[in-house]
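# Structural description and commentary
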Amino acid sequence: MRLDEGVQKRRARRALAVVAALAALLACACFLGDVGGRKSAASGEGSFAGGGFAYAEALIESASSGSDVDLEGLGVREVRDAQEAPSWFVDEVLSLEGACGVMALDDWSVVGFSTEETADEALARRTQEMQGKGWFGYESGIEGVVTFTKGEGACTWAMLSCTQVGDETSVVVRVRRSA
């Protein structure tokens, strides 16, 4: 079955928005000293082989050159159904209902998707949802980015980023699993 050209373009824009937002969030996390070379609490292995900046550069270079991005080789998976999300993520972080183009790292430490809401609407909605699950939100000093902490549970730290890309918003959440 061949997809309509408009549908293909819309999917390509969404995928590029998610990749760009993931790269931006990873760069922010590296800048804040969270990613490069640290151990992942979930797996006990180093996060993002080669460091966060190398990972972000590979995503940006692949996306900007128009070449295919080897998502599997980068540890990224396309989530075709919200039911694929681990229960700890849905119960403690965010619901993925209504999310489009969901992508996640294999350990679900970074999850990105697009929505037709404005960036402000998306940020407010996800902030309210996370606060309802016991998270405390803090302004990060970066527009569209909020960091969260929580005293207990599967995750105790999260960063939420909502970026307007055309008529859609790219939402990316980075979580740190509890030890």
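Residues numbered from 1 in each chain as written. Predicted model: local features only at pLDDT ≥ 70, side-chain atom pairs only at ≥ 80, totals over all residues. Heavy atoms only, no water.

Before going further, it helps to examine the nonpolar core. Counting 26 residues, the largest nonpolar core has F89, V93, L160 and V173 as its most contacted members. At the level of elements, α3 (87–92), β2 (100–105), β3 (110–115), α4 (119–132), β5 (145–149), β6 (155–165) and β7 (168–177) are the ones that each hand at least two residues to this core. (Core = buried A, V, L, I, M, F, W, Y, C linked by side-chain atoms within 4.5 Å. Buried < 20%, exposed > 50% of the residue type's maximum accessible area, 1.4 Å probe, protein only. Helix = DSSP H or I, 4+ residues; strand = E, 2+ residues; numbered from the N terminus.)

Summed over all chains, the structure comprises 4 salt bridges. Between R125 and E117 there is a salt bridge whose closest N-O contact spans 3.3 Å. Classification of E117 as buried rests on a relative accessible area of 14%. R126 is the salt-bridge partner of E117, the closest N and O atoms lying 2.4 Å from each other. Taken individually, E117 and R126 each receive the classification buried, so the pair is uniform in this respect. Overlapping salt bridges, with partners in common, bring together E117, R125 and R126 in one network. (Salt bridge = Lys/Arg side-chain N within 4 Å of Asp/Glu carboxyl O.)

A few words on α4. Its 14 residues place the ends of α4 20 Å apart at the C-alpha level, agreeing with the 20 Å of an ideal helix rising 1.5 Å per residue. Inspection of α4 places A119, A122, L123, R126, T127, E129 and M130 among the buried residues, and these make up the whole buried set. Along α4, the residues classed as buried sweep out an arc of 165 degrees about the axis, all on the same side. For α4, the exposed residues set more than 90 degrees away from the buried face come down to D120, Q128 and G132. On its buried face, α4 is in contact with β3, β5, β6 and β7. Looking one or two places after α4, you find G134, whose phi comes out positive at around 95 degrees. (Expected span 1.5 Å × (residues − 1). Arc of directions from axis to C-beta. Contact = heavy atoms within 4.5 Å.)

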